[in-house]
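Below, each chain spelled out in residue letters.
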Amino acid sequence: MDYIHIAISARLAHGDLVAADGALAAGPRDHGVRLILMKQLLVSCANVIDLEQTCRALYKGHPAISEIITPHRRNFEFAKYIRNIAVGHVNPALSQRTLEWRPELNIVLTKSDTSAEAFLGYAVLETAINTFVDGERHRIFDSDTDLAYPPDQTRFLNFLGSTVHVGVTYCSAVAEAALEQANLPDLNENWLELFAKAGATDFAFITRKG
């Protein structure tokens, strides 16, 4: 197991979750900015479940880490689903369903102003939310979500906030456990060797497989 990679991934996800959550909690008035922060939180939550799939061997020595995320795994899978079809890239089938769900887009799509584009972004997001179904039943919520309807918006933000807070706790615990095994060199004692190696770094193109 690559403990360095796990520690870096956990620290990055932790930092992203804390920063974006704090920025969203501050209540930015711009709807486009709020949407960007929500998307970032969904991406970061998706990164948490990706991380979880690579570090389960840590649970053997730290079973409490598994207990943090296991009851909430479906929530993180929901975030990953949204990331994969609506945030990382937009799935063509989602585009078609969004236009069906929001007929207003037939006009909105002809506009290029920021308000129209924010409306489009929310429409795509809420359509993605509504497609997380098992047959006729949504896997998380008890009804369709309309983000323009305050109770639905609050329900989704509560889901997102609670998932983020679990992710923050989980990433902190994972990073701590991974660093116990990482054997990081002491910078004060090995600085000359480490910086000499840094100076000789050969940057090469990194493929998706690493």
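Residues numbered from 1 in each chain as written. Predicted model: local features only at pLDDT ≥ 70, side-chain atom pairs only at ≥ 80, totals over all residues. Heavy atoms only, no water.

J.: Just to check I follow, could you spell out the overall build of the protein for this structure?
T.: Secondary structure summary: the protein contains nine helices and two strands in total. In sequence order, the protein lays out its α and β elements as α-α-α-α-α-α-α-β-β-α-α. Reported as C-alpha extents along the three principal axes, the dimensions of the protein are approximately 65 × 40 × 35 Å. In the protein, which comprises 210 residues, the proportion classed as buried is 36%. Sequence-distant contacts in the protein: of pairs separated by 6 or more residues, those separated by 24 or more amount to 68%. Carbon and sulfur atoms make up 55% of the accessible area of the protein, which totals about 12,900 Å². Taking the average place of the 19 positive charges on the side chains of the protein and the average place of its 25 negative ones, the gap between the two points comes to 4 Å. (Helix = DSSP H or I, 4+ residues; strand = E, 2+ residues; numbered from the N terminus. Buried < 20%, exposed > 50% of the residue type's maximum accessible area, 1.4 Å probe, protein only. Contact = heavy atoms within 4.5 Å. Areas by Shrake-Rupley, 256 points an atom, 1.4 Å probe, with all protein chains shown as cover. Lys, Arg positive; Asp, Glu negative; His and termini not counted. Charge placed at Lys NZ, Arg CZ, Asp CG, Glu CD.)

J.: I'm lost on unusual backbone geometry in this one. Help?
T.: It is generally the case that most residues other than glycine have a negative phi and that most peptide bonds are trans. The backbone of Asn183 shows a phi angle near 55°, a positive value even though the residue is not glycine. Within the secondary structure, Asn183 sits in the loop between α8 (150-182) and α9 (187-199).

J.: What exactly am I supposed to notice about the environment of Phe78 here?
T.: Mapped onto the elements, Phe78 comes out in helix α4 (residues 73-87). Sequence separation between Phe78 and Thr201 is 123 residues; the distance between their C-alpha atoms is 39 Å. Aside from chain neighbours lying at most four places away, what touches Phe78 is Ile129, Phe132, His138, Ile140, Phe141 and Phe159.

J.: Sorry, what's going on with the pattern of salt bridges here?
T.: Where charged atoms from two side chains of opposite charge come close, those side chains can pair. Inspection of every chain in the model, using the stated rule, returns nine salt bridges. Taking the shortest distance from any N to any O, the salt bridge between Asp50 and Arg83 comes out at 2.9 Å. Remark: Arg83 occurs in helix α4 and Asp50 occurs in helix α2 (residues 31-54); sequence separation between them is 33 residues. A salt bridge links Glu52 to Arg73; its shortest N-O distance comes to 2.7 Å. (Salt bridge = Lys/Arg side-chain N within 4 Å of Asp/Glu carboxyl O.)

J.: Please explain the packing of aromatic side chains as it appears in this structure.
T.: Scanning the model with the defined rule gives six aromatic pairs in all. Aromatic side chains Phe78 and Phe132 sit 4.6 Å apart centroid to centroid with 25° between the ring planes, which places their arrangement in the stacked category. Of this pair, Phe78 sits in helix α4 while Phe132 sits in the loop between α7 (114-130) and β1 (133-134), and the two are 54 residues apart along the sequence. Comparing Phe78 with Phe132, the two get one shared label, buried. With centroids separated by 5.2 Å and ring planes inclined at 50°, the aromatic side chains of Tyr81 and Phe132 adopt a geometry described as tilted. Placement of Tyr81 in helix α4 and of Phe132 in the loop between α7 and β1 is noted, with a sequence separation of 51 residues between them. Judged by its relative accessible area of 6%, Phe132 is buried. Grouped by ring-pair contacts, the aromatic residues Phe78, Tyr81, Phe132, Phe141, Phe156 and Phe159 constitute a single cluster. (Phe/Tyr/Trp six-rings, centres within 6.5 Å; stacked < 30°, edge-to-face > 60°.)

J.: Please explain the side chain of Arg102 as it appears in this structure.
T.: Looking at where Arg102 falls in the secondary structure, it is placed in the loop between α5 (92-101) and α6 (105-108). Arg102 gets classed as buried once you look at its relative accessible area, which sits at 13%. Among the polar contacts made by the side chain of Arg102, one reaches the side chain of Asp146 at a distance of 2.6 Å. For Arg102, the contacting residues outside a window of four places in its chain are Phe119, Ala123, Glu126 and Asp146. (Polar contact = N/O pair within 3.5 Å; in protein donor to acceptor, adjacent residues only side chain to side chain.)

J.: Explain the packing of α2 against α7 to me, please; I cannot follow it from the model alone.
T.: Each pair of packed helices gets described by two things: the angle between the helix axes and the distance between those axes. In the contact formed by α2 and α7, the axes pass within 9 Å of each other and the chain directions differ by 30°. On the basis of the axis angle, α2 is roughly parallel to α7. Where α2 crosses over α7, the handedness of that crossing is left-handed. Residues His31, Gly32, Arg34, Leu35, Met38 and Leu42 of α2 form the contact with α7, whose participating residues are Ala118, Gly121, Tyr122 and Leu125. Among the residues making up the contact of α2 with α7, the classes are represented as six nonpolar, three polar and one charged. (Axes fitted to C-alpha atoms, helices over the stretch in contact; angles between N-to-C directions. Parallel < 35°, antiparallel > 145°, perpendicular 65-115°, else oblique. Left-handed = near helix turned anticlockwise from the far one by under 90°. Nonpolar A, V, L, I, M, F, W, Y, C, P; charged D, E, K, R; others polar.)

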